[in-house]
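Structural characterization, general
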Amino acid sequence: MPAEPQKPSLYERLGGIYSISCVVDDLIDRVMTDARLNANPAVNEAHHKVPPPGFKYLVTEMVGWASGGPQKYTGRSMRESHEQMNITPKEWDAFMDDFQQSLDKFNVPAAEQAELKAIVQST
Ligand code: HEM
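Parameters and conventions
- Residues numbered from 1 in each chain as written.
- Predicted model: local features only at pLDDT ≥ 70, side-chain atom pairs only at ≥ 80, totals over all residues.
- Heavy atoms only, no water.
- Donors = N, O, S within 2.8 Å, 3.2 Å for Na, K, Ca; no water.
- Helix = DSSP H or I, 4+ residues; strand = E, 2+ residues; numbered from the N terminus.
- Expected span 1.5 Å × (residues − 1).
- Buried < 20%, exposed > 50% of the residue type's maximum accessible area, 1.4 Å probe, protein only.
- Contact = heavy atoms within 4.5 Å.
- Near = heavy atom within 4 Å.
- Polar contact = N/O pair within 3.5 Å; in protein donor to acceptor, adjacent residues only side chain to side chain.
- Phe/Tyr/Trp six-rings, centres within 6.5 Å; stacked < 30°, edge-to-face > 60°.
- Core = buried A, V, L, I, M, F, W, Y, C linked by side-chain atoms within 4.5 Å.
- Axes fitted to C-alpha atoms, helices over the stretch in contact; angles between N-to-C directions.
- Parallel < 35°, antiparallel > 145°, perpendicular 65-115°, else oblique.
- Left-handed = near helix turned anticlockwise from the far one by under 90°.
- Nonpolar A, V, L, I, M, F, W, Y, C, P; charged D, E, K, R; others polar.

A word on the coordination of the iron atom of the ligand
- Its sole protein donor being H82 (NE2), the iron atom of the ligand sits 2.0 Å from that atom.
- In this structure, H82 sits in helix α6 (residues 78-82).

This is the structure:
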């Protein structure tokens, strides 16, 4: 029986870590300066406490890991790092809007966009 053709992982279809890092770089720049998010004092405070390159590093690592790449996520759990922020549904929508803009800017195809959004929603 012929072997099933293997579908490339999401990581491969996104173009690997360099492509992922470019989207994350753009997304974090948007999120960290998003007035809709920084209106939340807990978010604003944390955004001015963590250096952007380190934050970008951790999110890049996480997306690499979650999309099937060889990376291992070494940061804190999403619950641990976000539970004190009291993120509201409106703030979540603002984040998803920033995310959409970054995905579109880098012309991420619809199928891969949907898979990435499902990963993000699951967090
Ligand atoms: C409204 C949505 C979100 C806001 C406002 C937000 C904000 C923040 C802030 C301010 C920090 C720094 C926390 C600190 O060190 O004190 C952080 C950490 C982090 N966030 Fe988010 N975040 C959001 C959603 C997400 C999502 C959807 C993901 C991933 C899919 C994510 C991934 C991370 C990671 C990897 C860290 C680093 C954890 C660590 O310090 O080890 N965040 N977030």
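Now that the structure has been shown, we can carry on.
A short note on helix α7 (residues 89-105)
- For α7, with 17 residues, the first-to-last C-alpha span of 24 Å sits near the 24 Å given by 1.5 Å per residue.
- Within the sequence span of α7, burial applies to E91, A94, M96, D98, F99, S102 and L103.
- Buried-residue contacts for α7 involve α2 (16-32), α3 (35-38) and α8 (110-122).
- N107 occupies a position one or two residues after α7 and carries a positive phi of about 55°.

What about the site of the ligand?
- Not every one of the 22 residues close to the ligand is listed here, only the nearest: F55, Y73, R76, H82 and M85.
- K49 has a polar side-chain atom sitting 3.5 Å from an oxygen atom of the ligand.
- The contact in question runs from an oxygen atom of the ligand to an N or O atom on the backbone of R76, over 2.7 Å.
- Among the elements of the structure, α4 (41-47), α5 (52-66), α6 and α7 are those that each provide at least two residues to the shell around the ligand.

Points about the packing of aromatic side chains
- Under the counting rule described, the total for this entry stands at three aromatic pairs.
- Taken together through their ring pairs, the aromatic side chains of W92, F95 and F99 make up a single cluster.

With respect to the nonpolar core
- Ranked by internal contacts, the top residues of the largest apolar core, which has 21 residues, are L14, I20, L37, F99, L103, V108 and L116.
- Every element with two or more residues in this core is listed here: α1 (10-14), α2, α4, α7 and α8.
- It is α2 that contributes the most residues to this core, seven residues altogether.
- Those residues in contact with L103, other than ones at most four positions away along the chain, are V23, V108, Q113, L116 and K117.

Focus on the packing of α7 against α8
- At a minimum axis distance of 12 Å, the contact between α7 and α8 shows a crossing angle of 150°. What the angle tells us is that α7 and α8 run roughly antiparallel. Read as a crossing pair, α7 and α8 show a hand that is right-handed. Facing W92, F95, M96, F99, Q100, L103 and D104 of α7, the residues of α8 in contact are Q113, L116, K117, V120 and Q121.
- Partitioning the contact of α7 with α8 into residue classes produces seven nonpolar, three polar and two charged.

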